[in-house]
Amino acid sequence: VLLALFVCASATSISSATEKHSALKTEDCIFDDVYAFNEAACRVSFFNPSDRPIKVFDVKLAKTIAGRIDPPELLVAPHATVYAMAYADTSGSVGRSRFPFQFKTDENGIGAGAFSISGFVANVLDNPKPEVDLGVVNLPLSKEKGVELTSGEYPNLKILGVASAPDWVNVRLSDDGRLVFVSVKRDTTWGLHSASLKLTTNYSDQKYIRLDVKADVHGALVPSANPVDLGLMRVGNENEGLIRLNRTDGKKIEIKDVELTGFQGAVKLAPCKPKSADCLMLRIAVSDKQVTGSVKGKLLIKTPNHDERLEVDIWGLLVPKDFKIQTLDTSKNAPSSSVVKGDSENIGDVLRSSVSNAHSIDIPVPSGNGPLLKWTVSNSAQVYGFQIYRAFSEDGAYLKINKGIYRSITEGNEAINYQWRDVDVESGKSYWYKIVAVKNDDTKEMLGHPLKAVAK
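Residues numbered from 1 in each chain as written. Predicted model: local features only at pLDDT ≥ 70, side-chain atom pairs only at ≥ 80, totals over all residues. Heavy atoms only, no water.

### Description of the overall build of the protein
Part 1: Each helix and strand in the protein was counted, giving one helix and 34 strands.
Part 2: Counting every position in the protein, which comprises 456 residues, the buried fraction comes to 40%.
Part 3: As presented, the protein carries roughly 25300 Å² of accessible surface, and 49% of it is formed by carbon and sulfur atoms. (Helix = DSSP H or I, 4+ residues; strand = E, 2+ residues; numbered from the N terminus. Buried < 20%, exposed > 50% of the residue type's maximum accessible area, 1.4 Å probe, protein only. Areas by Shrake-Rupley, 256 points an atom, 1.4 Å probe, with all protein chains shown as cover.)

Structure representation (structure tokens):
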């Protein structure tokens, strides 16, 4: 039984979807904690302050994420409120998450509006964002690299299979389902690669796990840099960048085709200095016709050998000719300032910080006779909540015993004196407990050391 003086932050702000668009006023909502790869769901409202009915349709998430409402279309009568359930796919989310929706209306061609649903997306893994970085892979050699996917919350977690994987990755699972091994296929295109695996699990609350994989694949053609950062560019200037290509096998470089994708520009080939058959320079020029803003694309290089293809990522920022850039000069007339300590990487350090200037909030003592756990935290804005683990010895197997996440209370700089009682115990037995802080990004860290208690 979990008892705490805590009310979920369900207060919502009511605001017009957009000042110049729909007359409808929407009320955002907060969904309950949900595990990744499940649908987040909560109820949103549409209030019509006008004197005519308004139809709502074509509701979708603003981002490239699957989302919907039920019913899919609404008719909001004058001066009335209509409710609908909004759903969002959480497969790519972790921790505190917000899903912005957009919708259309029939308001004389001007109707457009927006609302959002937000909440916490949990992950059964100890590391909610597992990744395998294969580094530089020199084909045709490709070594395997493995990662162990652990869960203190569900120690029996196993990976049962691969639901989906990019076509450039080989995936192998260990016999016990604890380890995932990945490698690059030998026919993979040369260049930077990053993608995600979708793995099936034996955990009913979270049937899938996302594992990110990245690699810098090298072949016979190797660029001097990848990605290539063109930096800050101005319209009207000669915005160019150079890439040096070398053949690792010493053969003559032969180029069949060169193509730029993602932005407008041109590529010119030139010999290296000193001239060498296995070396070539590529000059990339960004066109003035390119739209200002972020420049992000690829340089695709093909040789007469159809199996040889290199991709080089291109980055940059193009600004108008008269765009002014302000810099902060701290050497002259710089105002004095005090040193402000940033967020600690160790959440325990933050939570144990001084509370001498803070008020204190006490959680009422939970009823029952089991072991009572107490801890005090402050400055907990970056902490979403806590998990309590129990074992029968200090070095034993700790199992999570509280349901879901015990929400933290964040009210300014107040210190919170938490109390939590374990009522599922046997009198006279000794137990060991761990308290784990769950951050807003769902990363987890134990507070202090294991605590021992004897049940009365």
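### Details of the confidence of the model for the protein
Part 1: Residue-level pLDDT values for the protein average 85, and 87% of them are 70 or greater.
Part 2: Across residues 1-19 the pLDDT falls below 50, and counting only partners more than four positions away or on other chains, this stretch makes 43 contacts in the model. (pLDDT = per-residue confidence, 0-100. Contact = heavy atoms within 4.5 Å.)

### Some words on a nonpolar patch on the surface
Part 1: A cluster of nonpolar side chains, Leu 232, Leu 317, Phe 323 and Ile 325, forms an exposed patch at the surface whose accessible area comes to about 360 Å².
Part 2: Examined against the element boundaries, Ile 325 turns out to sit in the loop between β26 (309-319) and α1 (347-351).
Part 3: Taking relative accessible area as the criterion, Ile 325 reaches 44% and is therefore assigned partly exposed. (Patch = residues over 30% accessible without salt bridge, like charges linked within 9 Å, V, L, I, M, F, W, Y side chains within 5 Å. Salt bridge = Lys/Arg side-chain N within 4 Å of Asp/Glu carboxyl O.)

### Description of the side chain of Arg 421
Part 1: The topology assignment puts Arg 421 in strand β32 (residues 415-421).
Part 2: One buried charged residue, Arg 421, forms no salt bridge at all, with the nearest opposite charge on Asp 422 at 9.4 Å.
Part 3: Separated by 2.7 Å, the side chain of Arg 421 and the backbone oxygen of Gly 370 make a polar contact. (Lys, Arg positive; Asp, Glu negative; His and termini not counted. Polar contact = N/O pair within 3.5 Å; in protein donor to acceptor, adjacent residues only side chain to side chain.)

### Re the pairing of strand β25 (residues 293-302)
Part 1: One ladder, built from five bridges, connects strand β22 (residues 257-261) with β25; its direction is antiparallel. Bridge assignment links Thr 261 to a residue of β25, and that residue is Lys 298.
Part 2: Bridge analysis of β25 against β26 gives 10 bridges, and the strand direction is antiparallel. Residue pairing for β26: Leu 299 is matched across the bridge by Val 312. (Pairing = 2+ DSSP bridges.)

### Some points on the pattern of salt bridges
Part 1: If you walk through the whole model with that rule in mind, you get 17 salt bridges.
Part 2: Ionic pairing is found between Asp 106 and Arg 52, a salt bridge with its closest N-O pair at 4.0 Å. Placement of the pair is Asp 106 in the loop between β10 (95-105) and β11 (112-122) and Arg 52 in the loop between β5 (39-47) and β6 (54-61), with a sequence separation of 54 residues.
Part 3: Asp 106 gets classed as partly exposed once you look at its relative accessible area, which sits at 33%.
Part 4: Judged by its relative accessible area of 34%, Arg 52 falls in the partly exposed class.
Part 5: Between Lys 55 and Glu 73 there is a salt bridge, with its nearest N and O atoms 3.6 Å apart. Of this pair, Lys 55 sits in strand β6 while Glu 73 sits in the loop between β7 (67-70) and β8 (74-76); the two residues are 18 residues apart in sequence, bridging distant segments of the chain.
Part 6: For Lys 55, a relative accessible area of 32% translates into the label partly exposed.
Part 7: Taking the relative accessible area as the measure of exposure, Glu 73 reaches 45% and is therefore partly exposed.
Part 8: Overlapping salt bridges bring together Lys 298, Arg 309, Glu 311 and Asp 313 as one network.

### Brief notes about the environment of Ala 40
Part 1: With respect to the secondary-structure elements, Ala 40 resides in strand β5.
Part 2: With a relative accessible area of 0%, Ala 40 lands in the buried category.
Part 3: If we skip the residues at most four places from it in the chain, Ala 40 touches Phe 31, Val 34, Ala 86, Tyr 87, Ala 88, Thr 90 and Ile 117.

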